[in-house]
Amino acid sequence: MVSGQWAVVGGLEVREWRIGEWRIGEKNWGMKTVNVDDAIEICRREKRFLENIIDMVPESLVVVNKDLRIKKANRTFYETFQNVTGRSLCDILQDKEGKLACELTRLFGTEDMLEKFELHYWSEKLGDLTFEITARGIIHADAEEAEVLVVARDRTERKMAEEALLESEEKYSSLVESTEDSIYLVDRNCGYLFANKKYLSRVPLLTGKVKGRKYSEVHSKEETKRFADKVKEVFETGKSLFYEYRNPRDGRYFVRTLSPVKEPGGIITALTVISKDITNRKLSEEKLEKAYQDMKATTAQLVHNEKMSALGELTASVAHELNQPLNNIKISSQSLLRDINKNRLDINALPQDLKEVVEQVNKMAGIVDHMRIFTRRLEGMNMEEIDINESITNMFVLIGSQLRSHNIPLCQELAPDLRKILGDSIGLEQVLTNLMINARGAVEDFRETGRIIEIRSFMNNENEVAVSIKDNGGGIPSHIRDRIFEPFFTTKPPGQGTGLGLGVSLKIIEEHNGRIELEVEEGKGSMFTIILPIAE
Ligand SMILES: Nc1ncnc2c1ncn2[C@@H]1O[C@H](COP(=O)(O)OP(=O)(O)OP(=O)(O)O)[C@@H](O)[C@H]1O
Ligand SMILES: [Mg+2]
């Protein structure tokens, strides 16, 4: 019986053999008893099968002999590299420094592995490539026959992806580290996954390794609960949220934004927390708010003063206006008293006398009523349907006698067929009074004689009612015309005007959806026209 340990049949290695019997491959492959021809045929089929598989592998597989020349190679290798005949593998793979050659030579006569050897390659056809080389020594009975199997994987894409990733990681990292905001990542249980340097500088307790530490370790119980609730909300809703936070340690204000980090499937794995320091903004806002409140209070005071100063101007005429009915009452009462004393009271004339007294009292009550209304604050307008002619008449209750006492004739032309408007009678009377006081001031400043103020009411068109107040003062110089409605703009000497009259009037008219128009003839006078929409 002829037998042996090694044989190559049909190119395939056979571990043990006897004529008529073969054992192929590893021990646990069971014995197959075949005749030699069948065995050879089986081996050929196996070989073709394996060769096909090897050809389909996307990596280049090469077996080299001791002088590193190619003994066998698969299709990928031949398709990738040209002009390979007669050349050594290291030459083909452009191993310029001979490092690969050195590594491969070391493997001959061993079963050692060379792993992840990286090699850069360039050709006109393929451009820049990066190969990852893996190799393994194959021992043969005859040491001279020793071979090395070399696998060359094209890792160019992966390499580029790795480089891109590294680059983007570097970019993000420099972005995350260079910002003034605190940035950190937490998991569902408020455990830190990452924190940038800024955050670490703000939370001094969080020294050393951040990963694995808990939010609760460096924050109060109360704050941890608040934060945990927010984290829970983001995990549940999948939506970002933000809220304001004040650091109890240094009192600084922050806006925290919590955003979910989602995996491609949409599962939330962590939260990014970005904490922006808004202390300066907050302080400016507080200052601004305080300044606004102060200004509001000052303005309210000035508006009030404006009304009071207008009222002051009215006092004289009101006194005059009250004087007359008071005198009448006094005369009537004295005469009645005299008659009673002298027992000659005409009982039949008494009702008439008393009626006159009551009329005088009513007149005074009307004046007092208007004064009270006038001093009321401007807040809370009371809109009702009103006849603007009535407002004009009411306005004269207070100001008419003042004009008369200043010797300023008034020309009044009130249209009888005016439509009603929707308005606040107190506000509108205040506007009319302001315009009349300005007109009076203008004629007094400008004219010794021939002063006149004209007031007209008319339908501006079928939808609008108008009241014009025209004076023959000096007019308004063109360079200040744009400014006269500005609050606090005045040409009066200090202490004499607040400059709020027109500003307040315009505001009131605009609240009525109306407008004020101005016509000026320099040196001849001004005419202010209030235009208001009729009540629907
Ligand atoms: N009829 C007018 N003729 C000429 N100038 C006028 C007339 N009405 C207003 N002006 C000018 O417009 C300015 C602003 O008027 P406004 O009524 O707002 O304030 P004021 O009269 O100066 O002060 P206040 O009304 O608060 O007492 C006046 O100072 C004046 O220069
Ligand atoms: Mg004024």
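Given the structure is predicted, the values throughout are model-derived calculations rather than measurements.

## Some remarks on empty space enclosed by the protein
At step 1: One pass over the full model with this rule turns up one cavity of 30 Å³ or more.
At step 2: Of the volumes computed, that of the largest cavity is approximately 100 Å³.
At step 3: In terms of lining, the largest cavity is formed by Ser182, Tyr184, Tyr199, Arg202, Val203, His219, Tyr245, Asn247, Arg249, Phe254, Arg256 and Ser275.
At step 4: If you list the elements that add at least two residues to the lining of the largest cavity, you get β11 (182–186), α6 (197–202) and β14 (253–262).
At step 5: Looking at side-chain class alone, the lining of the largest cavity contains five nonpolar, four polar and three charged residues.

## Concerning the sheet that holds strand β8 (residues 113–123)
At step 1: Spatially, β7-β6-β10-β9-β8 is the arrangement adopted by the five strands of the open sheet, whose pairing is antiparallel. The strands lining the two open edges of the sheet, one partner per strand, are β7 (70–73) and β8. If you compare each strand with its neighbour and ignore which way they point, the axes differ by 25° on average.
At step 2: Where helix α5 (residues 156–178) meets the sheet, it contacts β8, β9 (127–138) and β10 (147–154), and its direction lies at approximately 115° from that of β9.

## Focus: the site of ligand 1
At step 1: In the vicinity of ligand 1 there are 19 residues, among which Thr490, Thr491, Lys492, Thr498 and Leu502 approach most closely.
At step 2: Side-chain polar atom of Asn438 to an oxygen atom of ligand 1: 2.9 Å apart, as the coordinates give it.
At step 3: Within the side chain of Thr490, one N or O atom sits 2.5 Å away from an oxygen atom of ligand 1.
At step 4: Going through the elements one at a time, α12 (425–446), α14 (501–511) and β22 (525–533) are the ones with two or more residues in the shell around ligand 1.
At step 5: Tallied by class, the residues present in the shell around ligand 1 amount to seven nonpolar, nine polar and three charged.

## Observations regarding the confidence of the model for the chain
At step 1: On average, residues of the chain score 84 in pLDDT, and 87% of them are at 70 or above.
At step 2: Within the chain, no element has a lower average pLDDT than strand β1 (residues 3–4), which sits at 49, and none a higher one than strand β20 (residues 464–471), at 98.
At step 3: pLDDT under 50 marks residues 27–31. Its contacts with residues more than four places away, or in other chains, come to four contacts.

## A closer look at the sheet that holds strand β21 (residues 515–521)
At step 1: If you walk across this open sheet you meet the five strands as β17-β19-β20-β22-β21, and the pairing is mixed. Looking at which strands have only one partner, the edges of the open sheet turn out to be β17 (410–414) and β21. Mean inter-strand twist for the sheet, computed between neighbouring axes without regard to direction, equals 20°.
At step 2: With seven bridges connecting them, β21 and β22 associate as antiparallel partners. By the bridge assignment for β22, Arg515 is matched with Ile531.

## Brief notes about the pairing of β8
At step 1: The sheet contact formed by β8 and β9 spans nine bridges and is antiparallel. Among the inter-strand pairings, Phe117 is bridged to a residue of β9, identified as Ile133.
At step 2: What sits between the antiparallel neighbours β8 and β9 is a turn of three residues.

## Description of the pattern of salt bridges
At step 1: Here the structure, examined in full by the defined rule, presents 30 salt bridges.
At step 2: In this structure, the salt-bridge partner of Glu486 is Arg483, at a minimum N-O distance of 3.2 Å.
At step 3: Assessed through its relative accessible area of 33%, Glu486 is described here as partly exposed.
At step 4: Here Arg483 falls in the partly exposed class, since its relative accessible area comes to 39%.
At step 5: A salt bridge links Glu517 to Arg515, with the nearest nitrogen and oxygen atoms 3.1 Å apart.
At step 6: In this structure Glu517 comes out as partly exposed when scored by relative accessible area, which is 38%.
At step 7: With relative accessibility at 34%, the residue Arg515 sits in the partly exposed group.
At step 8: Connected via shared salt-bridge partners are Glu59, Glu132, Arg153 and Arg155.

## A few points about the packing of helix α11 (residues 388–405) against α12
At step 1: It is the contact of α11 with α12, at a shortest axis distance of 9 Å, that shows an interaxial angle of 40°. When the axes of α11 and α12 are compared, the pair comes out oblique. For α11 against α12, the interelement crossing comes out right-handed. Contact residues: α11 offers Ile388, Ser391, Ile392, Asn394, Met395, Phe396, Ile399, Gln402 and Leu403, while α12 offers Leu428, Glu429, Leu432, Thr433, Met436, Ile437 and Arg440.
At step 2: For the contact of α11 with α12, the per-class residue count stands at 10 nonpolar, four polar and two charged.

Criteria and cut-off values
- Residues numbered from 1 in each chain as written.
- Chains lettered and ligands numbered in written order.
- Predicted model: local features only at pLDDT ≥ 70, side-chain atom pairs only at ≥ 80, totals over all residues.
- Heavy atoms only, no water.
- 1 Å grid on protein atoms, 1.4 Å probe; cavity = no way out; pocket = protein on both sides within 12 Å on 5 of 7 lines; lining within 4 Å.
- Points joined across faces, edges and corners; volume = space filled by probe spheres on them.
- Helix = DSSP H or I, 4+ residues; strand = E, 2+ residues; numbered from the N terminus.
- Nonpolar A, V, L, I, M, F, W, Y, C, P; charged D, E, K, R; others polar.
- Pairing = 2+ DSSP bridges.
- Axes fitted to C-alpha atoms, helices over the stretch in contact; angles between N-to-C directions.
- Contact = heavy atoms within 4.5 Å.
- Near = heavy atom within 4 Å.
- Polar contact = N/O pair within 3.5 Å; in protein donor to acceptor, adjacent residues only side chain to side chain.
- pLDDT = per-residue confidence, 0-100.
- Salt bridge = Lys/Arg side-chain N within 4 Å of Asp/Glu carboxyl O.
- Buried < 20%, exposed > 50% of the residue type's maximum accessible area, 1.4 Å probe, protein only.
- Parallel < 35°, antiparallel > 145°, perpendicular 65-115°, else oblique.
- Left-handed = near helix turned anticlockwise from the far one by under 90°.

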